[in-house]
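# Geometric and topological summary
Chain residues, written in single-letter form:
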Amino acid sequence: EGNEYIFRVRAENKLGTGPPTETKPIVAKTKYNRPGPPEPPEVTKVSKEEMTVVWNPPEYDGGKSITGYILEKKEKRSMRWVAVTKSAIPERRLKVTNLIPGHEYQFRVKAENEIGLGDPSGPSRPVVAKDPIEPPGPPTNLKVADSTKTSITLGWGKPVYDGGAPVIGYVVEMRPKTEVKDKDPEAGWKRLNVAAQLIHTQFTATSLDEKQEYEFRVSAQNQIGIGRPAELKEAVSPKEILESPEIE
């Protein structure tokens with residue numbers, strides 16, 4: 001099996017043997033083949049010591065059903081691929097454990113049928129073993145820093161927890177206070193900094209009605225998303241803040 005052969009045939013009559021006719025070279029093998037390579041696998045559910053890897057079957061199964069897969073891993077800087085399991089697995093998903101926190105890994109997969117193990121897929125994108133990043137916590141110490149008859153200036157501090165990624169900005173929201181009981185806690189909120197990303201920890205809401213009370217809330221944002229808001233403790237009205245006179 002695996003060797004290449006050529007056959008030829010001569011016709012013969014009583015006057016002798018004629019010239020031969022040859023076949024093309026033929027490899028002695030079954031009509032079935034090893035599977036083709038799958039597409040590169042994908043990495044999901046990453047943590048500092050584990051990654052879940054998923055993949056699809058190859059387009060070409062070699063004419064025989066796929067019986068399993070061999071998943072291999074390597075650190076991005078390494079040249080050596082290492083099998084994750086000792087034997088082929090029938091599933092197309094595997095949780096890879098015992099990874100080194102902070103190291104960057106790639107994965108590739110080979111399909112297997114009863115003829116043999118196919119060529120490997122291309123490598124997955126490199127992924128760092130680290131705990132998932134979450135949206136940040138609420139800003140701290142939200143308060144009214146200044147006020148006029150038509151404006152209210154809010155100030156706040158950075159969140160205690162940034163979610164594992166730097167805070168890139170804040171979202172300020174406002175709604176008029178209503179006396180309706182059991183109102184929807186999410187109804188009526190209007191984002192004030194619509195056009196630009198707010199990076200400062202202060203914001204002035206303008207064009208307010210001094211006869212109206214307003215509720216305010218501020219949320220922090222990182223690269224993953226917007227976190228839980230901090231709400232002003234009570235509704236406030238715009239009014240001129242007058243300094244107390246100094247006592248001589």
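The model shown is predicted, which means the values in this text are computed figures rather than measured ones. (Residues numbered from 1 in each chain as written. Predicted model: local features only at pLDDT ≥ 70, side-chain atom pairs only at ≥ 80, totals over all residues. Heavy atoms only, no water.)

### Some thoughts on the pattern of salt bridges
Applying the stated criterion across every chain yields a total of 10 salt bridges. As a salt-bridge pair, D119 and R34 come within 3.9 Å of each other at their nearest N and O atoms. Here the residue D119 occupies a position in the loop between β13 (116–117) and β14 (127–128), and R34 occupies one in the loop between β6 (26–27) and β7 (42–44), the gap between them amounting to 85 residues. We classify D119 as partly exposed; its relative accessible area is 44%. Under the relative-accessibility criterion, R34 is labelled partly exposed at 39%. Between K95 and E50 there is a salt bridge whose closest N-O contact spans 3.9 Å. In this pair, K95 is assigned in strand β11 (residues 93–96) and E50 in the loop between β7 and β8 (51–54), connecting sequence segments 45 residues apart. K95 gets classed as exposed once you look at its relative accessible area, which sits at 53%. Look at E50 and you get partly exposed, because its relative accessible area is 31%. (Salt bridge = Lys/Arg side-chain N within 4 Å of Asp/Glu carboxyl O. Helix = DSSP H or I, 4+ residues; strand = E, 2+ residues; numbered from the N terminus. Buried < 20%, exposed > 50% of the residue type's maximum accessible area, 1.4 Å probe, protein only.)

### Let's talk about the sheet that holds β11
Read across the sheet, three strands follow the order β7-β8-β11 without closing on themselves; strand pairing throughout is antiparallel. Where the open sheet ends on each side, the last strands, each with one partner, are β7 and β11. Averaged over all adjacent pairs, the angle separating strand axes in this sheet is 30°, with direction ignored. Alignment of β7 against β8, held across three bridges, turns out to be antiparallel. Note on β8: the bridge partner recorded for T44 is T52. (Pairing = 2+ DSSP bridges. Axes fitted to C-alpha atoms, helices over the stretch in contact; angles between N-to-C directions.)

### Quick notes on the UniProt feature "domain: Fibronectin type-III" (unreviewed entry) in the protein chain
In this numbering, the UniProt entry assigns the feature "domain: Fibronectin type-III" (unreviewed entry) to residues 1–33, 37–132 and 138–240. For residues 1–33, helix accounts for 0% and strand for 36%, while the C-alpha atoms at its two ends are 13 Å apart. Helix makes up 0% of residues 37–132 and strand 36%. Its end C-alpha atoms lie 31 Å apart. (UniProt positions renumbered as here; feature names shortened; annotations may be inferred.)

### Focus on the packing of aromatic side chains
Within the structure shown, the criterion is met by two aromatic pairs. Here W55 and Y69 contribute two aromatic rings whose centre-to-centre distance is 5.8 Å and whose plane-to-plane angle is 65°, an arrangement assigned as edge-to-face. One end of the pair, W55, is in the loop between β8 and β9 (68–75); the other, Y69, is in strand β9, with 14 residues separating them in the sequence. With centroids separated by 5.6 Å and ring planes inclined at 65°, the aromatic side chains of W156 and Y170 adopt a geometry described as edge-to-face. A residue pair is termed long-range when its members are at least 10 positions apart, and W156 in strand β16 (residues 152–157) and Y170 in strand β17 (residues 169–176) qualify at 14 residues. Here the two residues W156 and Y170 agree in accessibility, since each one is buried. K64 extends its terminal NZ or CZ atom over the ring of Y32, reaching a point 4.4 Å from the ring centre. (Phe/Tyr/Trp six-rings, centres within 6.5 Å; stacked < 30°, edge-to-face > 60°. Lys NZ or Arg CZ within 6 Å of the ring centre and 35° of its normal.)

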